[in-house]
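Per-entry structural report
If you want the building blocks of each chain, they are given just below.
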2 protein chains.
Amino acid sequence: MNKVLPISGFPEWLPSVRAVEQRCMETLKKTFEQSGFLNIETRAIEPLDVLLSKGDDKEIYVLKRLHDDPEAKDDNVKFGLHFDLTVPFARYVQEFQNDLVFPFKRYQMQKVWRGERKQEGRYREFYQCDIDIVGSGSLPLAFDAELLRTLNSCMQQLPIPDVTIKINNRKVLQGFYEGVGIDDTAAVLRVVDKIAKIGADEVLKQLVNDLGLSHIAAEKCLALGQITANDLTFIDQVKALEVESELLDEGLNELKYVLNLNPHDNIYVDLSIARGLDYYTGTVYEGFLNGHEHIGAVCSGGRYDHLVKSSRTALPGVGVSIGLTRLLGYLNQAGLLDVPTQAQTQVLVLLNDEESRAKSWVTADALRAKGINVEVFHNPVGFGKQMKYAHKKGVQYVLFLEENDTYAVKHLASGEQYVIDINSWVPEA
Amino acid sequence: MNKVLPISGFPEWLPSVRAVEQRCMETLKKTFEQSGFLNIETRAIEPLDVLLSKGDDKEIYVLKRLHDDPEAKDDNVKFGLHFDLTVPFARYVQEFQNDLVFPFKRYQMQKVWRGERKQEGRYREFYQCDIDIVGSGSLPLAFDAELLRTLNSCMQQLPIPDVTIKINNRKVLQGFYEGVGIDDTAAVLRVVDKIAKIGADEVLKQLVNDLGLSHIAAEKCLALGQITANDLTFIDQVKALEVESELLDEGLNELKYVLNLNPHDNIYVDLSIARGLDYYTGTVYEGFLNGHEHIGAVCSGGRYDHLVKSSRTALPGVGVSIGLTRLLGYLNQAGLLDVPTQAQTQVLVLLNDEESRAKSWVTADALRAKGINVEVFHNPVGFGKQMKYAHKKGVQYVLFLEENDTYAVKHLASGEQYVIDINSWVPEA
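Residues numbered from 1 in each chain as written. Chains lettered and ligands numbered in written order. Predicted model: local features only at pLDDT ≥ 70, side-chain atom pairs only at ≥ 80, totals over all residues. Heavy atoms only, no water.

When helices and strands are counted, chain A shows 14 helices and 17 strands. Projected onto its principal axes, the C-alpha coordinates of chain A cover approximately 90 × 60 × 45 Å. When burial is assessed residue by residue, chain A has 59% of its 429 residues classed as buried. Taking all contacts inside chain A whose residues are at least 6 apart in sequence as the whole, residues at least 24 apart take part in 67%. Working note: accessible area of chain A is about 18,200 Å², and carbon and sulfur atoms make up 48% of it. Computed over 46 positive and 60 negative side-chain charges, the separation of the two mean positions in chain A equals 4 Å. (Helix = DSSP H or I, 4+ residues; strand = E, 2+ residues; numbered from the N terminus. Buried < 20%, exposed > 50% of the residue type's maximum accessible area, 1.4 Å probe, protein only. Contact = heavy atoms within 4.5 Å. Areas by Shrake-Rupley, 256 points an atom, 1.4 Å probe, with all protein chains shown as cover. Lys, Arg positive; Asp, Glu negative; His and termini not counted. Charge placed at Lys NZ, Arg CZ, Asp CG, Glu CD.)

A few words on the relation of the copies chain A and chain B. Once chain A is rotated about the relating axis by 180 degrees and shifted along it by 0.0 Å, it coincides with chain B to within an RMSD of 0.0 Å. On this basis, the relationship between the two copies can be described by a two-fold rotation axis. Looking at the rotation axis and the C-alpha trace of chain A, the residue lying nearest is L63 of chain A, at 2.5 Å. (Least-squares fit on C-alpha atoms with pLDDT ≥ 70 in both.)

As a further point, take the pairing of strand β11 (residues 299-304) of chain B. Residue and element names in this part refer to chain B. Where burial is concerned, most of β11 is hidden: 6 out of the 6 residues are buried. Pairing of β11 with strand β12 (residues 317-322), which is carried by 6 bridges, proceeds in the antiparallel orientation. Within the sheet, the bridge partner assigned to S300 lies in β12 and is S321. (Pairing = 2+ DSSP bridges.)

What follows deals with the interface of chain A and chain B. Residue-level contacts link 100 residues of chain A with 100 residues of chain B. Carbon and sulfur atoms make up 56% of the area that chain A and chain B hide from each other, which totals about 9,000 Å². Put simply, chain A and chain B have 14 salt bridges between them. Between E26 of chain A and K29 of chain B there is a salt bridge, with its nearest N and O atoms 2.9 Å apart. Seen at the junction of chain A and chain B, the total is 41 residue pairs in polar contact (both at pLDDT 80 or more). For the side of chain A that touches chain B, a count of residues per class yields 50 nonpolar, 18 polar and 32 charged. One ladder, built from 5 bridges, connects strand β3 (residues 61-65) of chain A with strand β3 (residues 61-65) of chain B; its direction is antiparallel. Bridging across to β3 of chain B, K64 of chain A finds its partner in V62 of chain B. (Buried area = accessible area lost by both parts, 1.4 Å probe. Salt bridge = Lys/Arg side-chain N within 4 Å of Asp/Glu carboxyl O. Polar contact = N/O pair within 3.5 Å; in protein donor to acceptor, adjacent residues only side chain to side chain. Nonpolar A, V, L, I, M, F, W, Y, C, P; charged D, E, K, R; others polar.)

Here we take up the environment of A142 of chain A. Relative to the elements of secondary structure, A142 of chain A occurs in helix α4 (residues 142-157). For the pair A142 of chain A and Y257 of chain A, spaced 115 residues apart in the sequence, the C-alpha separation amounts to 8.2 Å. In this structure, A142 of chain A is in contact with Y257 of chain A together with R357, W361 and H378 of chain B, ignoring residues within four places of it in sequence.

Working definition: the strands of a sheet are paired by backbone hydrogen bonds and lie parallel or antiparallel to each other. All names here are of chain B. The mixed open sheet is built from 5 strands, whose spatial order is β14-β13-β15-β16-β17. Every other strand in the sheet has two partners, leaving β14 (374-376) and β17 (417-420) as the edge strands with one partner each. For this sheet, the mean inter-axis angle between neighbouring strands, taken without regard to orientation, is 25 degrees. Across 4 bridges, the pairing between strand β16 (residues 407-411) and β17 is antiparallel. Along β17, the bridge assignment pairs V409 with Y418. On the sheet, helix α13 (residues 357-368) packs against β13 (347-349), β14, β15 (397-401) and β16 and is oriented at approximately 175 degrees with respect to β14. (Axes fitted to C-alpha atoms, helices over the stretch in contact; angles between N-to-C directions.)

Keep in mind these numbers describe shape, not what the thing actually does.
What follows is the structure, given as structure tokens:
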């Protein structure tokens, strides 16, 4: 092991930052489970053709056995690391559908990999924390609203700045574009999706010049993408553009339903939100950190009615993904993450001599049985050295046996020292 | 997505089995943290040369970007998925040594990958749950004993059959072989390590025929490998073989020290235990499921004094790894795993009509705030259909609003139904 260098895009945290990440994941786990979501994990790999059929715009890491055996049939199937959790989840639902209870609500928190080119601030390995609900045959719109509620509750509990969640519905965009007379609605969607990035003028130019829209049609598409509202006024704003389409009306009704069930100051209808991936068919969500919108969406998702295609039964779903690594990585780098300096070890038992080691271990175990995190110092050196370790590690208390066989503790922050009853003592919170 | 087939060696669980796995990991996490171990996660990949220098007997999955760019310098470094957590940990310690407090106690629970040939019961992706302690400069032997104690405590708390932990010390083997006059001690070690697999006669034959040992030397090596004891009698058994070596005496003293601090019926000295990997330099551990020894060690590890080599300061360590996926996979397949049939959802709130949805959600949130797992049924269909879902999911209680605006619950197992005060009610455990 000669050179030890970080690998671009593969972040690793110190234990203190990892502790924050763990606490975030525990918060999400609790919130997900309290809303009826069950956990699964899927394997890290999928057949390459499965990945490519859903993720043509994603960079994929392909796997190869070092001692590849060209004659083994198994080695001829190409596998890649998954680039998100939605595609593996859709495959899992199809594979295990006879053993699941539908609507199937699951959460999944795993790392995903993207074989992108090296780039500052770009992650190639990161945690996604996903919740999805998949129905058998159909999935009521109520789940689109419920999911938003659960997502909002999660984001509010994480130790991060406030989050604004923007919602839209692909039927609104699709229906509107069709009503305007556009054939290649996907191409328009891709251009309008860039409003925030390239500005309204450039979008207009591209719609007219590159896609051949009439100026009126382009203006209307642009106007639609600029509608946002925290209440139902978005409907009248759309109606004012005088475009007729059944699909548009359906989309507006769905949006209205989802917003009505989520009356929160931080939840907006924003008709510019489209989500790049083409498997979304209805509601779409994107969440942004207030004051840090430039880092892009920190959570996103939507309704997908046809992701699981070849099954005899339709398996429509709705889901969102929280990009935890990106979120914490950004906040940590910006100094906005509250990283504890205090060690998880609450009590350090000082070691008098080698002979008392076994007894000290028993004392420590008794404290652990009460849920306390305890270490016993490893060497019977002078107490001064042992105290130094306690300070370096940031433990709360040291505990030691006094000459008259009574136990005492010292609270490091205050310097207070007092005799305790070892059977009843617990550290103060 | 046309064919959906499992991939050999990449296990996936149903939510109920995953729930058991999660609980096991929570138990380990708690036990590790209560003993002062901090969590880290390392990236899934390491440079191929790092992996190969430590794992020549391991099959490695090599990564390649699908859209590889031969001109990008970065693409010329080959990376592979890690095959264990010890090698990445050693690299992590070296990389971050200036930011860590030593002795550094860490736990790590991540998946590892081995690109082995397809084989029944062989995992290619599996969880390892590791604890290691690394010292800066030196690491007292007390940690070899402490680690064994923590490991034993973990294994006793998992929902698995009883575990017997066998310990040995590489210095005993190395010293003994040297004392017998053997040069290639590693070769002897590899052969003796196979006693359980191929039998004593075959080991003897290979030592004499393949390695050229004298019959007397071979007999002694074999006799050493057959010594086991739950107490200090192993020392006299070794002395009776009349082999002199300082290293042997050192190893015996270390073993004695570690066993003395772990006086448990299920902890044995077994001088046949060697551990294949050549980075171990002292204490070695292997744990076996009582009555299921044929599946091999379910946890193992040892002392490694030179794993982190090029550092200016020596960074000796001791660690063990629990093979959680293999363990649970075997027990589940053998029907020995206690998989809960009860859903994690405790309460299903029945939905009267669309108008009451928002109110039902508020009711559910109030219960969640008390730590209860609650779902609200998604469709305002007849209560019969809603009850059917409750039974299928195995929830404990359904909760509903009666006509006089009072809440009532029905306990599904007993069929009991009664009016409750929604503000104070909690489900019985």
